Amino acid sequence: MAQALGEDLVQPCELQDDSSSLGSDSELSGPGPYRQADRYGFIGGSSAEPGPGHPPADLIRQREMKWVEMTSHWEKTMSRRYKKVKMQCRKGIPSALRARCWPLLCGAHVCQKNSPGTYQELAEAPGDPQWMETIGRDLHRQFPLHEMFVSPQGHGQQGLLQVLKAYTLYRPEQGYCQAQGPVAAVLLMHLPPEVSALDPAPGT
């Protein structure tokens, strides 16, 4: 049912909540000795303060409470209130609850429950040198102006390396492609590595 929900949601939506665009390099401000990170972690971004396009705080709080209520009894919610879940997804999942909602919506929580310890085993295993070299060359290209991925030795790039390596070991027939990097990086902005690795990636 989670997969069907995802397919239903791939269509234009009229309502957007939480103004959650992650932006691009072209949206960042010009040069300067120091630029503050916005509320999404992008250095020099334009979302440090809510603007006219942002929903009011009380509306965001109201939607947060709806998601808390739905996810507290997830199986029951999906079986009895599927249309409401779909409608709330189209309105947008509040950023504060994405780490809670995304694994439920994509089924990652089921994978994690059925295969405990799998990610840790993959993270500790040596990677295929062919893929490790290619992944290593691409790490610095993933959101270089996000505070999480600025440093090559920081937890962002190192976590991304582990997630991408784990995927090549888990799905050796698919291996690695560049499109997996930005998807995994966005997931890592909200989720721990062991859950990010279980979310669907390009090619799955």
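Please read all numbers here as calculations on a predicted model, not as lab measurements.

Take the overall build of the protein chain next. Counting secondary structure elements, the protein chain contains eleven helices and zero strands. Secondary structure elements of the protein chain occur, N-terminal to C-terminal, as α-α-α-α-α-α-α-α-α-α-α. Within the protein chain, the proportion of its 204 residues that are buried is 38%. Summarising the internal contacts of the protein chain: among those between residues at least 6 apart in sequence, 65% fall at separations of at least 24.

Per the stated rule, a full pass over the model turns up one aromatic pair. Arranged with centres 5.9 Å apart and planes meeting at 75°, the rings of Phe42 and Phe143 form a pair that is edge-to-face. Of this pair, Phe42 sits in the loop between helix H1 (2-9) and helix H2 (57-72) while Phe143 is found in the loop between helix H8 (129-138) and helix H9 (155-170), placing the two residues 101 residues apart along the sequence. We note that Phe42, like Phe143, is buried.

It is worth spelling out the pattern of salt bridges at this point. The full count for this structure, using the stated rule, is four salt bridges. Ionic pairing is found between Arg61 and Glu64, a salt bridge with its closest N-O pair at 3.0 Å. Of this pair, Arg61 and Glu64 both sit in helix H2, three residues apart, which is roughly one turn of that helix. In this structure, Glu69 engages Arg81 in a salt bridge whose closest nitrogen and oxygen atoms are separated by 3.0 Å. Placement of Glu69 in helix H2 and of Arg81 in the loop between helix H3 (74-80) and helix H4 (82-91) is noted, with a sequence separation of twelve residues between them.

Residues of H4 that are buried include every one of Tyr82, Val85, Lys86, Gln88, Cys89 and Lys91, and no others. Just beyond H4, the residue with positive phi is Gly92, at close to 115°.

On the secondary structure map, Thr77 appears in helix H3. Polar side-chain contacts of Thr77 include one of 2.8 Å to the backbone oxygen of His73. Thr77 has contacts with Met70, Tyr82 and Val85, leaving out every residue within four places of it along the chain.

Here we take up the confidence of the model for the protein chain. On average, residues of the protein chain carry a pLDDT of 81, and 75% of them reach 70 or more. Every residue in residues 9-33 is under pLDDT 50, and counting partners more than four places away or in other chains gives 41 contacts.

Turning our eyes to something else, we now look at H9. Counted at 1.5 Å a residue, the expected span for H9 with its 16 residues is 22 Å, and the 22 Å between its end C-alpha atoms agrees. Within H9 the residues assigned to the buried category are Gly156, Gln157, Gly159, Leu160, Leu161, Val163, Leu164, Lys165, Ala166, Tyr167 and Thr168. Considering only its buried residues, H9 is in contact with helix H7 (118-124), H8, helix H10 (180-188) and helix H11 (193-196).

Turning our attention to the state of the cysteines. Two cysteines form a disulfide when their sulfur atoms are joined by a covalent bond. Going through the model one piece at a time under the given rule, you end up with zero disulfides. Looking at Cys89, it has no disulfide partner, and the nearest cysteine sulfur is the one in Cys101, 7.8 Å off. Residue Cys89 is classed as buried on the basis of its relative accessible area, which comes to 14%. Its sulfur unpaired, Cys111 is 7.5 Å from the next cysteine sulfur, which belongs to Cys106. Residue classification places Cys111 among the partly exposed positions, given a relative accessible area of 37%.

At a minimum axis distance of 11 Å, the contact between H2 and H4 shows a crossing angle of 145°. Where H2 crosses over H4, the two elements pack in a sense that is left-handed. Along its contact with H2, which presents Arg63, Lys66, Trp67 and Met70, the element H4 presents Lys84, Val85, Gln88, Cys89 and Lys91. Residue composition of the contact of H2 with H4, grouped by class: four nonpolar, one polar and four charged.

About the thresholds
Residues numbered from 1 in each chain as written. Predicted model: local features only at pLDDT ≥ 70, side-chain atom pairs only at ≥ 80, totals over all residues. Heavy atoms only, no water. Helix = DSSP H or I, 4+ residues; strand = E, 2+ residues; numbered from the N terminus. Buried < 20%, exposed > 50% of the residue type's maximum accessible area, 1.4 Å probe, protein only. Contact = heavy atoms within 4.5 Å. Phe/Tyr/Trp six-rings, centres within 6.5 Å; stacked < 30°, edge-to-face > 60°. Salt bridge = Lys/Arg side-chain N within 4 Å of Asp/Glu carboxyl O. Polar contact = N/O pair within 3.5 Å; in protein donor to acceptor, adjacent residues only side chain to side chain. pLDDT = per-residue confidence, 0-100. Expected span 1.5 Å × (residues − 1). Disulfide = S-S within 2.5 Å. Axes fitted to C-alpha atoms, helices over the stretch in contact; angles between N-to-C directions. Left-handed = near helix turned anticlockwise from the far one by under 90°. Nonpolar A, V, L, I, M, F, W, Y, C, P; charged D, E, K, R; others polar.

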